[in-house]
Amino acid sequence: SSGINAEYGMTEVEYKTYDATYLKKFEITKLPKYLILAIKRFTENRFFVEKNPTIVNFPISFDMAEFIDTAVADKYSNTEYNLLSNICHDGTPTTGTYSTHLHLASAGQWFDVQDLHVTKLQPQMITLSESYIQIYERADLSVDSKGT
């Protein structure tokens, strides 16, 4: 397990708390090119599957420097991440549909992609959706930061 975590840039540390229990904490030791975040929308019990339709507030871009050790942050010229894709689920767990909000950096435009339908999307609409999976790209790798 430790070898796998080291390869993916994480360390695992256990801290003893005040009541003699242990708290496990993962620390990021290197920044990945892409961050993939999954929001747990579905819960299943013995009888049915439920969907949590709560709108989750999330940033279009953020700086990982506040979440990592300064020694790790100092290794990178840029610790900022930009949202590249926002995958959404609309409907019920059994009859819902998926769509993707996709940022085309070279055009500076967001698109809503669902099956073969592609439409332009205002950036303000992205955060109002029922996000399911978000893909962020490290800013020093994106087309915007390279100026192309």
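Since this is a predicted model, take the numbers as computed values, not measurements. (Residues numbered from 1 in each chain as written. Predicted model: local features only at pLDDT ≥ 70, side-chain atom pairs only at ≥ 80, totals over all residues. Heavy atoms only, no water.)

1. A word on the nonpolar core
And then number 1: Counting 14 residues, the largest nonpolar core has M64, Y81 and Y136 as its most contacted members.
And then number 2: Elements with a minimum of two residues in this core: α2 (70-73) and β7 (80-90).
And then number 3: Sequence-distant contacts of Y136, defined by excluding residues within four places in its chain, comprise K33, Y34, L35, L37, F58, P59, I60, F62, Y81, N82, L83 and L84. (Core = buried A, V, L, I, M, F, W, Y, C linked by side-chain atoms within 4.5 Å. Buried < 20%, exposed > 50% of the residue type's maximum accessible area, 1.4 Å probe, protein only. Helix = DSSP H or I, 4+ residues; strand = E, 2+ residues; numbered from the N terminus. Contact = heavy atoms within 4.5 Å.)

2. Observations regarding the packing of aromatic side chains
And then number 1: Taken as a whole, this structure holds five aromatic pairs when the rule is applied.
And then number 2: Consider the rings of F62 and F67, whose centres lie 6.4 Å apart with planes at 75°: the pair is edge-to-face.
And then number 3: Taking the relative accessible area as the measure of exposure, F62 reaches 16% and is therefore buried.
And then number 4: Taking 5.0 Å as the distance between ring centres and 80° as the angle between the ring planes, the aromatic pair formed by F62 and Y136 counts as edge-to-face. With F62 in strand β6 (residues 61-63) and Y136 in strand β11 (residues 131-138), this pair connects stretches of sequence that are 74 residues apart.
And then number 5: Put simply, the rings of F62, F67, Y81 and Y136 pair up and form one aromatic cluster. (Phe/Tyr/Trp six-rings, centres within 6.5 Å; stacked < 30°, edge-to-face > 60°.)

3. Focus: the environment of Q124
And then number 1: Summarising the element assignment, Q124 is placed in helix α3 (residues 123-126).
And then number 2: Classification of Q124 as exposed rests on a relative accessible area of 54%.
And then number 3: It is 9.8 Å that separates the C-alpha atoms of Q124 and I60, two residues lying 64 residues apart in sequence.

4. Let's talk about unusual backbone geometry
And then number 1: In this structure, D115 takes a positive phi of about 55° despite not being glycine.
And then number 2: Within the secondary structure, D115 is located in the loop between β9 (109-114) and β10 (117-121).
And then number 3: Owing to a relative accessible area of 69%, D115 belongs among the exposed residues under this scheme.

5. Section: the side chain of R41
And then number 1: Among the structural elements, R41 can be located in the loop between β3 (34-38) and β4 (42-44).
And then number 2: Here R41 occupies a buried position and makes no salt bridge, while the nearest side chain of opposite charge, E130, is found at 5.3 Å. (Lys, Arg positive; Asp, Glu negative; His and termini not counted. Salt bridge = Lys/Arg side-chain N within 4 Å of Asp/Glu carboxyl O.)

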